[in-house]
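Working through the structure, step by step
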Amino acid sequence: MARVKTVTQPTGLSLNTIIAGDCVAAMNALPEASVDLIFADPPYNLQLRGDLHRPDNSKVDAVDDEWDRFASFASYDEFSRAWLAAARRLLKPDGAIWVIGSYHNIYRVGANLQDAGFWILNDVVWRKSNPMPNFRGKRLTNAHETMIWAAKSDQSKYTFNYEAMKALNDGVQMRSDWVIPLCTGGERLRTADGEKAHPTQKPEALLHRVLVASTNPGDIVLDPFFGTGTTGAVAKRLGRHYVGIERDPAYRAAAQARIARVRALDAEAAAVTPRKRAEPRVAFGQLVERGMLAPGEMLHSLNGRREAKIRADGTLVSHDVRGSIHQVGAALEGAPSCNGWTYWHFKKDGIFIPIDVLRQQIRAELTD
């Protein structure tokens, strides 16, 4: 049975709430070392100069809000240093942060991130499958944004659900370039007059991948630039707790209404595949002790060309080779190493079954 982490709520931290106000002041008022993960979508400081129009002269609904305007790069850096310092104070020792940005700001944020003491783990390219074209035809189509994933320090034992990421990617190791479409259609929040509720609403698919990768059920996720609540909606659905900070009342109202409509998954559905090293250790000898496999019984490689006899102490013997399931498999194949759990099979009703099936049965008992 999947287990959801029991959260001891830090004094002064209300879970699953949206805090109204300035992000730096609000973060500084929260208890130190109280959150597991921060997802931050700060202003990009786009430096727009005038309106942007399509070839038919229609106006593009670009980001021209007051919150994205800064007098200079120096003032933007000052803002970045302030919120990053506040964010780092809030993270638990093994916490981590994701920051998303465009070419306008991500390099400046990245430098400030390192200066603040964070330890960068990856930069992830979010490649948009449906990007907005460059209407002026003077530059390449801006088809991606960059996310920086960083631990609180180089000593942090941060969460990374490697096996879950492989599962999301059809069993192949997840890469650092993610192809996900922009937020469109029914997911895009609209005002009563049909306008976008927020100009830079992120797709839930993006946050789903971030949270599955770097949190576990019951973790606390802070979003200091909450906007219309994508982080909160995905966190609620996946069984994580959220704390949002947003100063704009219209955005807060949209986020509250949106999150209220979200149905949380049950504990089993919200669980992620654990990293193999995190699973309970089971020795091959336990299968022998419990009679799941018997001394004298033969194990076979999947292709049927190799076989070995089980001994009473949980070792194998094949001709003049003796040792563990891993050592014997490697010796027979002339390989430097071998995963005996997947290499060796027992025969039942004429069918080869990997011995790992029996190991998983014992693990299931240990975690019930």
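As recorded by an unreviewed UniProt entry, the protein carries the name Methyltransferase and is attributed to Amaricoccus solimangrovi.

So, about the overall build of the protein. Looking only at helices and strands, one finds 12 helices and 14 strands in the protein. Relative to its full complement of 368 residues, the protein shows a buried share of 44%. Considering only contacts within the protein whose residues lie at least 6 apart along the sequence, 68% involve residues at least 24 apart. Of the accessible surface of the protein, which amounts to about 19,200 Å², a share of 50% is contributed by carbon and sulfur atoms.

Tallied over the full model, the rule gives 10 salt bridges. In this structure, Arg-108 engages Asp-77 in a salt bridge whose closest nitrogen and oxygen atoms are separated by 2.8 Å. Separated by 31 residues along the polypeptide, Arg-108 in helix H3 (residues 106-115) and Asp-77 in helix H2 (residues 73-90) bring together distant segments of the chain. Under the relative-accessibility criterion, Asp-77 is labelled buried at 12%. Between Asp-356 and Arg-359 there is a salt bridge, and its shortest N-O distance comes to 2.7 Å. Taken together, the positions of Asp-356 and Arg-359, both in helix H12 (residues 356-367) and 3 residues apart, correspond to about one turn of that helix. Of the two residues, Asp-356 and Arg-359, neither departs from the other in class, the shared state being buried. It is possible to trace a salt-bridge network through shared partners that takes in Glu-204, Arg-237 and Arg-258.

Once that is clear, we can look at the sheet that holds strand E4 (residues 119-127). Spatially, the 8 strands line up as an open sheet ordered E1-E8-E7-E2-E3-E5-E4-E6, and their pairing is mixed. The open sheet has two free edges, formed respectively by strand E1 (17-20) and strand E6 (177-179), since each of these has just one partner strand. Put simply, the sheet's adjacent strands are angled 20° from each other on average, direction ignored. Sheet topology places E1 next to strand E8 (residues 241-246); 4 bridges connect them, and they run parallel. Each bridged residue has a counterpart across the sheet, and for Ala-20 the counterpart in E8 is Glu-246. Lying over the sheet, H3 contacts strand E3 (91-101), E4 and strand E5 (144-151), oriented at roughly 165° with respect to E3. Sitting on the sheet, helix H5 (residues 204-214) touches strand E2 (35-40), E3, E4, E5, E6 and strand E7 (220-223), and the angle it makes with E2 is about 155°.

What follows concerns the packing of aromatic side chains. Evaluated as defined, the whole model comprises 11 aromatic pairs. A ring pair is formed by Trp-149 and Tyr-158, whose centres lie 5.6 Å apart and whose planes are at 85°; its orientation type is edge-to-face. Using a relative accessible area of 5% as the deciding quantity, one classes Trp-149 as buried. Following the ring pairs from residue to residue traces out a cluster consisting of Trp-98, Trp-149, Tyr-158, Phe-160, Tyr-162 and Trp-178. Against the face of Trp-126 rests Lys-128, its NZ or CZ located 5.3 Å from the ring centre. Lying over the aromatic face of Trp-178, Arg-209 brings its terminal NZ or CZ to 5.0 Å of the ring centre.

Turning next to H3. Owing to its 3.6 residues per turn, the α-helix brings residues three or four apart onto one side. Among all positions of H3, only Ile-106, Val-109, Gly-110, Asn-112 and Leu-113 are buried. Buried positions in H3, seen along its axis, are confined to an arc of 165° and lie on one side of it. With respect to the buried face of H3, the exposed residues turned more than 90 degrees away are Tyr-107 and Asp-115. Contact partners of the buried residues in H3: H2, E3, E4 and E5. Once H3 ends, the next one or two residues include Gly-117, with phi positive near 105°.

Let us now look at unusual backbone geometry. Here Ala-33, not a glycine, exhibits a phi torsion of approximately 50°, which is positive. Locating Ala-33 in the fold gives a position in the loop between helix H1 (23-28) and E2. Residue classification places Ala-33 among the partly exposed residues on the basis of a relative accessible area of 35%.

Remark: H5 packs on helix H6 (residues 230-237), axes separated minimally by 9 Å, with the N-to-C direction vectors making an angle of 55°. For the element pair H5 / H6, the angle class is oblique. Note that H5 runs across H6; the crossing there is right-handed. In this structure, H5 contributes Glu-204, Leu-207, His-208 and Leu-211 to the contact, and H6 contributes Thr-230, Thr-231, Ala-233, Val-234, Ala-235 and Arg-237. When the residues that make up the contact of H5 with H6 are grouped by side-chain class, the tally is 5 nonpolar, 3 polar and 2 charged.

Moving on, we get to the pairing of E4. One ladder, built from 8 bridges, connects E4 with E5; its direction is antiparallel. Bridge pairing in E5 links Ile-120 to Ala-150. By the bridge criterion, 3 bridges tie E4 to E6 in an arrangement that is parallel. Looking at the pairing, Val-125 lines up with Asp-177 of E6.

What counts as what
Sequence order sets the numbering: in each chain, residues are counted from 1 along the sequence as written. Only residues with pLDDT of 70 or above have their local features reported here, since the model is predicted, and side-chain atom pairs are shown and tallied only from 80 upward, although totals for entire chains, interfaces and linings are computed over all residues. The basis for every side-chain value is the complete set of non-hydrogen atoms in the structure, without hydrogens or water. Here a strand is any run of E in DSSP of at least two residues, a helix any run of H or I of at least four, and the numbering for each starts at the N terminus. A simple rule labels every residue: compare its accessible area, found with a 1.4 Å probe on the protein chains alone, to the largest value its type can have, and call it buried under 20%, exposed over 50%, or partly exposed in between. Any pair of residues with heavy atoms lying within 4.5 Å of one another is described as a contacting pair. Using a 1.4 Å probe, accessible areas were evaluated by the Shrake-Rupley method; residue-level cover was limited to the displayed protein chains. Salt bridges are defined by distance alone: a side-chain nitrogen of Lys or Arg within 4 Å of a carboxyl oxygen of Asp or Glu. At least two bridges found by DSSP between two strands is the condition for calling them paired. Angles run from 0 to 180 degrees between N-to-C directions of axes, and those axes are lines fitted to C-alpha atoms, restricted for helices to the stretch in contact. Only centres within 6.5 Å qualify two rings of Phe, Tyr or Trp (six-membered ring in Trp) as a pair; their planes then separate them into stacked at under 30 degrees, edge-to-face at over 60, and tilted for everything else. Lysine NZ or arginine CZ positioned within 6 Å of the ring centre and within 35 degrees of the ring normal marks a charge as sitting over the ring. As used here, the arc is the angular range of directions from the helix axis to the C-beta atoms. These descriptions rest on fixed angle ranges, namely under 35 degrees for roughly parallel, over 145 for roughly antiparallel, 65 to 115 for roughly perpendicular, and the rest for oblique. Two helices cross in a left-handed way if the nearer one is turned anticlockwise from the farther one by less than a right angle. They cross in a right-handed way if the turn is clockwise. All amino acids are sorted into three groups, where Ala, Val, Leu, Ile, Met, Phe, Trp, Tyr, Cys and Pro are nonpolar, Asp, Glu, Lys and Arg are charged, and the leftover types, Gly among them, are polar.

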